[in-house]
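A look at the structure
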Amino acid sequence: MRRKWTQDRVQSMKEAQKIIGWIKESNSLSTREIITRLKKEKMEIQAHVLNRALVKSPFIRIKEKKEVEGNIVTIWEFFSEE
């Protein structure tokens, strides 16, 4: 059985790829920086898109976690096994 890609799924995939591109371009970004950039680009902040880009992507991994203003901030980095 083949699933049909809805317009919403295609859009969320494009948004996840855009986030991955930002991380690749910057070498690393924090979750806060990603959310700030989403707001700047007037993109909707959606948990499933962030999950697809940051957790499910084989090219993104956690670089470090650090405390900023009493909160834990995750820094994400792009990597590939070339």
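Small disclaimer: the values here were computed from a predicted structure and weren't measured.

Mapped onto the elements of the fold, Met13 is located in helix α1 (residues 7-26). Placed 37 residues apart in sequence, Met13 and Leu50 show a C-alpha to C-alpha distance of 10 Å.

We now examine the packing of α1 against helix α3 (residues 47-54). With their axes 8 Å apart at the nearest point, α1 and α3 run at an angle of 50° to one another. Classified by the angle their axes make, α1 and α3 are oblique. Here α1 and α3 pass one another in a crossing that is right-handed. Taking contact as the criterion, the partners of Arg9, Ser12, Met13, Glu15, Ala16, Ile19, Ile20 and Ile23 in α1 are, on α3, His48, Val49, Leu50, Arg52, Ala53 and Leu54. Residues belonging to the contact of α1 with α3 are distributed by class as follows: nine nonpolar, two polar and three charged.

Scoring rules and cut-offs
Once a new chain begins, its residue numbering starts again from 1 and follows that chain's sequence as written. At least 70 in pLDDT is required for a residue's local features to be given in this predicted model, at least 80 for side-chain atom pairs to be given and counted, and no such filter applies to totals for whole chains, interfaces and linings, which use all residues. With hydrogens and water set aside, each side-chain value is computed from the structure's full complement of heavy atoms. Helix and strand labels come from DSSP, where a helix needs a run of H or I of at least four residues and a strand needs a run of E of at least two; each type is numbered from the N terminus. Simply put, an axis is a line fit to the C-alpha atoms, just over the touching stretch for a helix, and the angle between two N-to-C directions goes from 0 to 180 degrees. By the definition adopted for this analysis, an angle is roughly parallel if under 35 degrees, roughly antiparallel if over 145, roughly perpendicular if from 65 to 115, and oblique otherwise. Helix crossings get a hand from a simple test, with the near helix turned counterclockwise from the far one by less than a right angle marking a left-handed crossing and a clockwise turn marking a right-handed one. Contact definition: two residues touch when any of their heavy atoms are within 4.5 Å. Amino acids are sorted into nonpolar (Ala, Val, Leu, Ile, Met, Phe, Trp, Tyr, Cys and Pro), charged (Asp, Glu, Lys and Arg) and polar (every other residue, Gly among them).

Nothing here speaks to function; it is geometry throughout.
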